[in-house]
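What follows is the residue order along each chain.
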Amino acid sequence: MMHNPTAYMANQAYRGTATTVPALKAVSMLLGGAITFLQKALAAQEARRFEEGHEHLMKATAILRGLSHNLDFAKGGAVAERLFQTYNALILASLKAYGRPHARQAFQRIVAALTELREAWESVDATVRGGKAAPTGSVRTG
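Residues numbered from 1 in each chain as written. Predicted model: local features only at pLDDT ≥ 70, side-chain atom pairs only at ≥ 80, totals over all residues. Heavy atoms only, no water.

Visitor: How should the packing of helix α3 (residues 50–69) against helix α4 (residues 73–97) be read in this particular structure?
Guide: The relative placement of two packed helices comes down to the angle between their axes together with the axis-to-axis distance. Axis separation between α3 and α4 bottoms out at 9 Å; the angle between their running directions is 165°. Classed by the angle they form, the pair α3 and α4 counts as roughly antiparallel. Between α3 and α4 lies a crossing of left-handed hand. Between α3, through L57, M58, T61, L64, R65, L67 and S68, and α4, the contact on the second element is made entirely by F84, Y87, N88, L90, I91, S94 and L95. For the contact of α3 with α4, the residue count by class is nine nonpolar, four polar and one charged. (Axes fitted to C-alpha atoms, helices over the stretch in contact; angles between N-to-C directions. Helix = DSSP H or I, 4+ residues; strand = E, 2+ residues; numbered from the N terminus. Parallel < 35°, antiparallel > 145°, perpendicular 65-115°, else oblique. Left-handed = near helix turned anticlockwise from the far one by under 90°. Contact = heavy atoms within 4.5 Å. Nonpolar A, V, L, I, M, F, W, Y, C, P; charged D, E, K, R; others polar.)

See the structure below:
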């Protein structure tokens, strides 16, 4: 039994998603959820609703932590290791930024990174499904 309600809810979300949605689509959806919760955390912080903002922040970091803990290092190798580092860096950046004067700029950078990561997963999903990957404006080249 889990004692942390947020961790329990994240675990339940992973279980439900894993049984109903293809894995690549689930990753995109979870990253979208993390983005939404970070945006809500920032909005609540700016409205001085710090407790509500903290709850949203914990939900976002729980999603990222869940993604990092479900990587398969045996199959993923260096890519899995890099994703693990990326997810953990984004978690730390989010936690450090919340409640600080520079939170808006930091959260914008974090959301931009997560958006780029989500678009990359969506591109992989489209390629795997045999469709042509949709061009996106925020994906870096070079």
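Still more to cover.
Visitor: Sorry if this is basic, but what is going on with the environment of E116 here?
Guide: Relative to the assigned elements, E116 resides in helix α5 (residues 103–128). You can call E116 partly exposed: its relative accessible area is 23%. In this structure, the C-alpha to C-alpha distance between E116 and L31, residues 85 residues apart in sequence, is 10.0 Å. (Buried < 20%, exposed > 50% of the residue type's maximum accessible area, 1.4 Å probe, protein only.)

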